[in-house]
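# A structural walkthrough
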Amino acid sequence: FYLAYAYKEIGNIELAVKFYQEVISQNQDYSWAYYNLASIYLEQDNDEQAILYLEKTIKTNPSDIKAIKMLVKLFSKHKKYSAAEKILRQAIHDMPEEADLYYFLAKVYNELKSRINYVKYLKMALKKQLTFSGDIKELEEEIKEAEKR
């Protein structure tokens, strides 16, 4: 795993992928290897492979919030909002105190033009603000703007 990481850092992506695949062949539950492969494919603009490895990351480690956020961003980029919603709903079920998950779900509902759910989940994110990674003041402003619409 660390050899693969070192190859990625020096730009030898081919060997990095080879060694990450070797790690996975020896331990199919090694979520970091899946996540790092997803990161490589993202850098190469290969969203399809990135999605595949992010899904494997989450399957082996359902509480990997970075992987969940990245996967939701990719689904949103490709307008796969129902897939993003499904991932986020499961993540919220598993980790109900993670404000960022509510915020991301609000953003999905905004894209789906569901203003009621958009506002609802923004407020849920604010309620869980101790775990919110964004700016609280900006979140409060976003809620005010959403309520005006």
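Up top you'll find the structure we're talking about.
Quick look at the structure, then. (Residues numbered from 1 in each chain as written. Predicted model: local features only at pLDDT ≥ 70, side-chain atom pairs only at ≥ 80, totals over all residues. Heavy atoms only, no water.)

## Overview of helix α4 (residues 47-60)
Here α4 is 14 residues long and its end C-alpha atoms lie 20 Å apart, about the 20 Å a rise of 1.5 Å per residue gives. Structurally, α4 contributes buried residues whose contacts are with α2 (13-26), α3 (31-43) and α5 (65-77). (Helix = DSSP H or I, 4+ residues; strand = E, 2+ residues; numbered from the N terminus. Expected span 1.5 Å × (residues − 1). Contact = heavy atoms within 4.5 Å.)

## What to know about the packing of α4 against α5
Any two packed helices are characterised by how steeply their axes cross, that is the angle between the axes, and by the distance between the axes. Between α4 and α5, the least distance of the axes is 9 Å, while the angle of their chain directions is 145 degrees. Two packed elements cross with a definite hand, and for α4 against α5 that hand is left-handed. Together, D47, A50, I51, L54, E55, T57 and I58 of α4 and A67, I68, M70, L71, L74, F75 and K77 of α5 make up the contact between the two elements. (Axes fitted to C-alpha atoms, helices over the stretch in contact; angles between N-to-C directions. Left-handed = near helix turned anticlockwise from the far one by under 90°.)

## Points about the nonpolar core
In this structure, Y20, L54, I68, L88 and L122 are the most contacted members of the largest nonpolar core, which totals 51 residues. If you list the elements that add at least two residues to this core, you get α2, α3, α4, α5, α6 (81-94), α7 (99-111), α8 (115-127) and α9 (136-148). Looking at this core element by element, the count peaks at nine residues for α7. Among residues more than four places away in sequence, those in contact with Y20 are F1, A4, Y5, A33, N36, L37 and I40. (Core = buried A, V, L, I, M, F, W, Y, C linked by side-chain atoms within 4.5 Å. Buried < 20%, exposed > 50% of the residue type's maximum accessible area, 1.4 Å probe, protein only.)

## Description of the packing of aromatic side chains
Applying the stated rule across the entire model yields ten aromatic pairs. When the ring of F1 is compared with that of Y2, the centres are 5.3 Å apart and the planes differ by 85 degrees; the resulting orientation is edge-to-face. Judged by relative accessible area, which is 19%, F1 ranks as buried. Note on F1 and Y30: the rings are 5.0 Å apart at their centroids and 20 degrees apart in plane angle, and the pair reads as stacked. Placement of F1 in the segment before α1 (2-9) and of Y30 in the loop between α2 and α3 is noted, with a sequence separation of 29 residues between them. Feature note: the residues F1, Y2, Y20, Y30 and W32 constitute an aromatic cluster, connected by ring pairs. Taking the ring centre of F19 as reference, the NZ or CZ of K18 above it sits at 5.6 Å. (Phe/Tyr/Trp six-rings, centres within 6.5 Å; stacked < 30°, edge-to-face > 60°. Lys NZ or Arg CZ within 6 Å of the ring centre and 35° of its normal.)

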